[in-house]
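Listed below, chain by chain, are the residues.
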Amino acid sequence: MTAKTLAIGNYNDTDAAALEHDLNAQRVSNLDEALALDDAAREAVTAIAYMGHAAFGGDAMDAFPNLCLIANFGVGYDAIDVDAASARDIALTNTPDVLNDDVADLAVAMLLMQGRRMRQGDELVRSGRWADGESFPLNRKMSGAKVGILGLGRIGHDIASRLAAFKMDLHYWSRSEKDTPGWTYHGDPMDLARAVDVLVIALVGGPETENMVNAAMLDALGKDGVVINISRGTTVDEGALLDALEAGRIAGAGLDVFVGEPKVDPRFYKLDQVVLQPHQGSGTVATRAAMGQLQRDNVAAFHDGKPLLTRVN
Ligand code: NAP
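Here the residue numbers are simple positions, counted from 1 along each chain's written sequence. Restriction of local features to residues with pLDDT of at least 70 applies here, the model being predicted, together with a cutoff of 80 or more for giving and counting side-chain atom pairs; totals for whole chains, interfaces and linings are based on all residues. Side-chain metrics rest on all non-hydrogen atoms present in the structure, leaving aside hydrogens and water.

Caption draft 1: Structural context of the UniProt feature "domain: D-isomer specific 2-hydroxyacid dehydrogenase catalytic" (unreviewed entry) in the protein. UniProt positions are given in the numbering used here, feature names are shortened, and annotations may be inferred rather than shown by experiment. UniProt annotation of "domain: D-isomer specific 2-hydroxyacid dehydrogenase catalytic" (unreviewed entry) refers to residues 31–313 when read in the numbering used here. A helix here means a DSSP run of H or I that spans at least four residues, while a strand means a run of E at least two residues long, and both kinds are numbered starting from the N terminus. Helix makes up 36% of residues 31–313 and strand 13%, whereas the separation of the span's terminal C-alpha atoms amounts to 21 Å.

Here it is, written out as structure tokens:
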């Protein structure tokens, strides 16, 4: 039987089994393999469960003439051309909220790890240099730091809530002021950068936010400033960030996302003051399971003619 649901991506064994068992899905590893299916197989597809960061544009959608749903694995859907989907009456769903805690945890961990230089501390112990008498330099106090959240959405809000418990002074920018427990709103991102020591980026990715953190904003953050990015590599002008780090025009960075990942600009490797993570914000067993379940629930709702749970467009 030709499958109505096509699952694209490298799913783990549990999700792969559930896609096949619950949705009778056909599975392929990537979009190129999906596009290489024969005409009959592509015409049968009404729903795609998508996992991946490869661009999924209008031309690829046209290869599936009966496609009505793309259910994305992940809250960020910048790889998918939403306008192209809408123009073709293709619904798009994502997996919001279930991953907020994990991504916020990682942002806070990178902030503390960068500020307290834990990577260097670990190295001092493991290398035996500490045992040999070398002392660890004093580093910056994190409680009381002024932190600015760029993009106070679901994840940004959860990061701010956690940092409040660390007695940090919370500031934020969003397109509109939010109802918060007294966090300071800035109507201009540059004003936010000028006001804080640490800038945490929690924006959506995509063309609207590309290079929003640029050289001028890094200069506004200043030489004691730290950038934490859990959003998408594209939200930061990476060349400008590297220039600022190398020249000491900002103090450091904690990055979970990169332009062109998983390939990372090797200039980052030489920098002692950065913490680098392999885009693992939502990468816990429990959260990835919840994301897979929400993705499948959206596909099942579509096939059952029920309202989609987390529709984007
Ligand atoms: P969200 O609730 O939609 O929040 C997104 C934020 O981006 C909001 O503050 C929103 O501003 C801002 N924004 C949206 N469109 C914008 C535009 N055109 N110009 C400027 N700002 C804009 O999303 P979320 O659930 O918090 O997720 C945020 C992002 O985190 C995702 O899109 C994804 O890229 C990233 N993420 C990363 C990981 C990881 O593993 N590192 C995991 C999950 C998600 P307003 O407040 O004004 O609406």
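Caption draft 2: Layout of unusual backbone geometry. At the junction of Glu261 and Pro262, the peptide bond is cis and its omega measures out at 10° in the coordinates. Within the fold, Pro262 resides in the loop between β11 (252–255) and β12 (274–276). For Asn24, which is not glycine, the phi torsion reads 50° and is therefore positive. Along the chain, the position of Asn24 falls in the loop between α1 (13–23) and β2 (26–28). Phi angles above zero are rare outside glycine, and Lys167 is one such case at about 60°. Its place among the elements puts Lys167 in the loop between α8 (154–165) and β7 (169–173).

Caption draft 3: Molecular detail of helix α12 (residues 285–303). What a helix should span is 1.5 Å times the count of its residues minus one. For α12, which comprises 19 residues, the first-to-last C-alpha distance of 27 Å matches the rise-based estimate of 27 Å (1.5 Å per residue) to within 8%. Relative accessibility decides the category of a residue: with a 1.4 Å probe and only protein chains considered, values under 20% of the type maximum give buried, values over 50% give exposed, and everything between is partly exposed. Regarding α12, the residues found buried are Thr287, Met291, Gly292, Leu294, Gln295, Arg296, Asn298, Val299 and Ala301. Taken together, the buried residues of α12 touch β1 (5–8), α1, β3 (47–50), β4 (69–72), β5 (91–93) and α6 (100–115). Taken from the residues just after α12, Gly305 is the one with a positive phi, measuring 70°. What makes two residues a contact is simply this: any of their non-hydrogen atoms within 4.5 Å.

Caption draft 4: Geometry of the UniProt feature "domain: D-isomer specific 2-hydroxyacid dehydrogenase NAD-binding" (unreviewed entry) in the protein. According to UniProt, the feature "domain: D-isomer specific 2-hydroxyacid dehydrogenase NAD-binding" (unreviewed entry) maps to residues 108–281 in the numbering used here. Summarising residues 108–281: 30% helix, 16% strand, and an end-to-end C-alpha distance of 11 Å.

Caption draft 5: Spatial organisation of the sheet that holds β11. A pair of strands is considered paired only if DSSP assigns at least 2 bridges between the two. With parallel pairing, seven strands are arranged side by side in an open sheet as β8-β7-β6-β9-β10-β11-β12. Either end of the sheet is taken by a strand with one partner, and the two such strands are β8 (184–185) and β12. Two strands pair when backbone bridges link them, and β7 and β8 are joined in this way by two bridges, in the parallel orientation. Looking across to β8, one finds that Tyr172 is bridged to Tyr185.

Caption draft 6: Up close: the site of the ligand. Definition of nearness: a residue and a molecule or strand are near each other if at least one heavy atom of the residue lies within 4 Å of the molecule or strand. By nearness alone, 26 residues border the ligand, and Arg154, Ile155, Ser174, Arg175 and Lys178 come closest of all. Between a nitrogen atom of the ligand and a main-chain N or O atom of Ile230, the distance comes to 2.9 Å. Of the residues assigned to the shell around the ligand, the class counts are ten nonpolar, ten polar and six charged. N or O atoms closer than or at 3.5 Å make up a polar contact, with two conditions inside protein: a donor-capable atom paired with an acceptor-capable one, and, for residues adjacent in sequence, both atoms drawn from side chains. In the scheme used here, Gly and all other residues not listed as nonpolar or charged are polar, with Ala, Val, Leu, Ile, Met, Phe, Trp, Tyr, Cys and Pro taken as nonpolar and Asp, Glu, Lys and Arg as charged.

Caption draft 7: Expanded view of the pattern of salt bridges. By convention in these notes, a salt bridge is any Lys or Arg side-chain nitrogen within 4 Å of a carboxyl oxygen on Asp or Glu. Following the criterion strictly, the structure yields 16 salt bridges and no others. For Arg27, the salt bridge is made with Glu20, and the minimal N-O distance between the two is 2.9 Å. By relative accessible area, which is 40% here, Glu20 ends up partly exposed. Residue Asp272 pairs with Arg119 through a salt bridge whose shortest N-O separation is 3.3 Å. With Asp272 in the loop between β11 and β12 and Arg119 in helix α7 (residues 118–126), this residue pair connects regions lying 153 residues apart in the sequence. Arg119 gets classed as partly exposed once you look at its relative accessible area, which sits at 34%. Because the salt bridges share partners, they merge into one network encompassing Asp15, Asp22 and Arg296.

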